[in-house]
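What follows is each chain in one-letter form.
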Amino acid sequence: MPPIFLSEIQKKPVWDSQGERVGRCVDVLVRGVEQSFPHVRALVLRDGPDAPRFIAEEQVGWLRPSILLKTERANIQPYEPQGDELWLARHVLDKQIIDVDGRRVVRVNDLQLARVGEHLCLVGADVGTMGLLRRLGIEPPARALLSTLRRHLPEAVIPWEDVAPLEADAPIRLRVSHERIGQLHPADIAAIVNDLDRRTGRALIEALDDETLADTLEESPSELQVAVLNHLEPERAADILAEMGPD
C-alpha cells in the first residue's frame, strides 16, 4: 500500500464487509512512539452522539478509496485502549514539533501512514504547504495550477524518527522528546527554545538534565536565564548555577 495521509481518512465513513456503515473515522491511535515506525493500533470511530468506538487495526482491510473492514458489524471486536496510545489528530495534528534533524520548530499539517512489513505504521509528519492544502481538500486543483504556472512546492515530510512533539498533556511524548532534544548541541537547543512560546519553552528547558540545562542557559538570553532559574527549586537552581560559567 502506498503512503496515505491522516487527512485522507479523517472524517471519512467506515464500512463493514457487507457494505453497512459503522461510523466515521475521527482519529487514529498508535503505540510504541519511541520507535521509528510506531504501529497503528486502532481507528477511532464516531456514529452520531454515541461514545467513540475503537476498531483494531487488524480488522481494517482497506483505507482507500474507502475505509473497509474485514468483518461484519456484528463480529467486530472492539479495541481496548491501554492509556499509553498517541492520538494523532488530538495530540499531534496542528501542534508544534521539533524537527530534530533540521534543528527547528515547525507545525504539523498532516501525518503520513504506510505499511511497514505486516503493520500499518506512522512514518512521517508533513510540515509543508501541500499538507495544509491537502487537509483543505484543494490539493489536486492546487497541483494543477502550480503545474500550469510551472512552479513546484517541495514535499516536506519529516521522518517520524526525527520528530519530537511538544504536546504538554502527553507525558510519554515529552519523555521521548526530551531524550532526543537533549542530544542536540546546547546552542541548537537554545535557538529552538527561543522559537517557542514562553510556557512551552520553559517546560522544555526545565526537563533537561542539569549539565545540559546549564550549557543551554549559557547560550540563552539573560531574560530566559532569570525566568528559568527563578522557577526552579532553590536547590536545583544552585546546582545549575554551579555548572554554569562564572560570567
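Residues numbered from 1 in each chain as written. Predicted model: local features only at pLDDT ≥ 70, side-chain atom pairs only at ≥ 80, totals over all residues. Heavy atoms only, no water.

1. With respect to the side chain of Gln10
Our working rule: Each helix is a run of DSSP H or I of at least 4 residues and each strand a run of E of at least 2, with the numbering of both proceeding from the N terminus. Contacts described as polar in this section are N or O atom pairs within 3.5 Å, which, within protein, must combine one atom able to donate a hydrogen with one able to accept it, while residues neighboring in sequence count only if both atoms come from side chains. In what follows, a contact means two residues having at least one pair of non-hydrogen atoms within 4.5 Å.
Tracing the backbone through its elements, the reader meets Gln10 in the loop between α1 (6-9) and β2 (13-15). Of note is the side chain of Gln10, whose polar atom sits 3.4 Å from the backbone oxygen of Val26. Setting aside anything within four residues of it in sequence, one finds Gln10 in contact with Cys25, Val26, Ala89 and Leu93.

2. Here's the deal with a nonpolar patch on the surface
To be explicit about the condition: Patches in this entry comprise residues that are over 30% relatively accessible and not in a salt bridge; like charges within 9 Å are linked, as are nonpolar side chains (Val, Leu, Ile, Met, Phe, Trp, Tyr) within 5 Å. Here the Shrake-Rupley method, with its probe set to 1.4 Å, supplies the accessible areas, and only the displayed protein chains count as covering residues. Between Lys or Arg on one side and Asp or Glu on the other, a salt bridge is scored when a side-chain nitrogen of the former is within 4 Å of a carboxyl oxygen of the latter.
A surface patch of nonpolar side chains, about 260 Å² in accessible area, is lined by Leu132, Leu136 and Ile138. Here Leu132 is to be found in helix α3 (residues 129-135).

3. Observations regarding the pairing of strand β11 (residues 110-116)
Each regular strand displays side chains that alternate between the two surfaces of the sheet. Condition: The cut-offs for exposure are 20% and 50% of the maximum accessible area for each residue type, with area from a 1.4 Å probe on protein chains only; residues under the lower value are buried, those over the upper are exposed, and the others partly exposed. Whether two strands pair depends on DSSP finding at least two bridges between them.
Of all seven residues in β11, five are buried; the element is thus mostly enclosed. Counting the residues that bridge the hairpin from β11 to strand β12 (residues 119-126) gives two residues, and of these Gly117 lies at a positive phi of roughly 70°.

4. A few points about the packing of helix α7 (residues 198-206) against helix α9 (residues 222-231)
Spelled out, the test is: A fitted line through C-alpha atoms represents every axis, and for helices the fit uses only the stretch in contact; the resulting angles, taken between N-to-C directions, go from 0 to 180 degrees. A crossing counts as left-handed when the near helix is turned anticlockwise from the far one by less than a right angle, and as right-handed when that turn is clockwise. Each residue is assigned to one class: nonpolar for Ala, Val, Leu, Ile, Met, Phe, Trp, Tyr, Cys and Pro, charged for Asp, Glu, Lys and Arg, and polar for all the others, Gly among them.
Closest axis-to-axis distance for the α7/α9 pair is 11 Å, and the angle between their directions is 65°. Crossing angle aside, the handedness with which α7 passes α9 is right-handed. Residues Arg198, Arg202, Ile205 and Glu206 of α7 form the contact with α9, whose participating residues are Leu224, Ala227, Val228 and His231. Classifying every residue of the contact of α7 with α9 gives four nonpolar, one polar and three charged.

5. Examining a negative patch on the surface
Heads up, the rule is: Only four residue types enter the charge count, namely Lys and Arg as positive and Asp and Glu as negative; His and the chain termini do not. Charged side chains are reduced to one point each, which is NZ for Lys, CZ for Arg, CG for Asp and CD for Glu.
A cluster of like negative charges, contributed by Asp209, Glu211, Glu233, Glu235, Asp239 and Glu243, occupies part of the molecular surface. By the secondary structure assignment, Glu235 is in helix α10 (residues 234-243).

6. Some remarks on the pairing of strand β9 (residues 96-99)
Bridge analysis of β9 against strand β10 (residues 104-107) gives four bridges, and the strand direction is antiparallel. Bridge pairing links Ile98 to Val105 in β10. The hairpin turn running from β9 into β10, its antiparallel successor, is four residues long, and Arg103 in that turn takes a positive phi close to 55°. The pairing of β9 with strand β14 (residues 163-165) spans three bridges and is classified as antiparallel. Considered in β14, the bridge of Asp99 is made with Val163.

7. Section: the sheet that holds β9
If you trace the three strands from one edge of the open sheet to the other, you get β10-β9-β14, paired in antiparallel fashion. In the strand order of this sheet, the two ends are held by β10 and β14, each with one partner. In this sheet, neighbouring strand axes are inclined to one another by 35° on average, regardless of whether the strands run parallel or antiparallel.

8. Considering helix α8 (residues 210-218)
Along α8, the residues that are buried comprise Thr212, Leu213, Ala214, Thr216 and Leu217. Next to the buried residues of α8 lie α6 (186-195), α7, α9 and α10. Measuring from the side-chain oxygen of the N-cap residue of α8 to the backbone nitrogen of Glu211 gives 3.2 Å; that N-cap residue is Asp209.

9. Remarks on the pattern of salt bridges
Pairing between side chains of opposite charge can happen when the charged atoms of each approach one another. Scanning all chains against the criterion turns up 12 salt bridges. With its nearest N and O atoms 3.4 Å apart, the salt bridge here joins Arg64 to Glu8. Within this pair, whereas Arg64 is found in the loop between β6 (60-62) and β7 (67-69), its partner Glu8 is found in helix α1, the two being separated by 56 residues in sequence. Across the pair Arg236 and Asp210 runs a salt bridge whose closest N-O atoms are separated by 2.8 Å. With a gap of 26 residues between them, Arg236 in helix α10 and Asp210 in helix α8 connect regions that are remote in the sequence. By relative accessible area, Arg236 is classed as partly exposed at 22%. For Asp210, a relative accessible area of 26% corresponds to the partly exposed category. Salt bridges sharing common partners tie together Glu20, Asp47 and Arg73.

10. Topic: the confidence of the model for the protein chain
Note the following rule: pLDDT is a residue-level measure of predictor confidence that goes from 0 to 100.
Per-residue pLDDT for the protein chain averages 85, and the proportion of residues at 70 or more is 92%. Here helix α5 (residues 171-181) stands out as the element of the protein chain with the lowest mean pLDDT, 67, in contrast to β2, whose mean of 95 is the highest.

11. Regarding the environment of Arg24
Checked against the element boundaries, Arg24 lands in strand β3 (residues 21-31). Sequence-wise, Arg24 and Tyr79 are 55 residues apart; in three dimensions their C-alpha atoms are separated by 16 Å. Apart from the residues lying within four places of it in its own chain, the contact partners of Arg24 are Lys11, Lys12, Pro13, Val14, Val44, Leu45 and Arg46.

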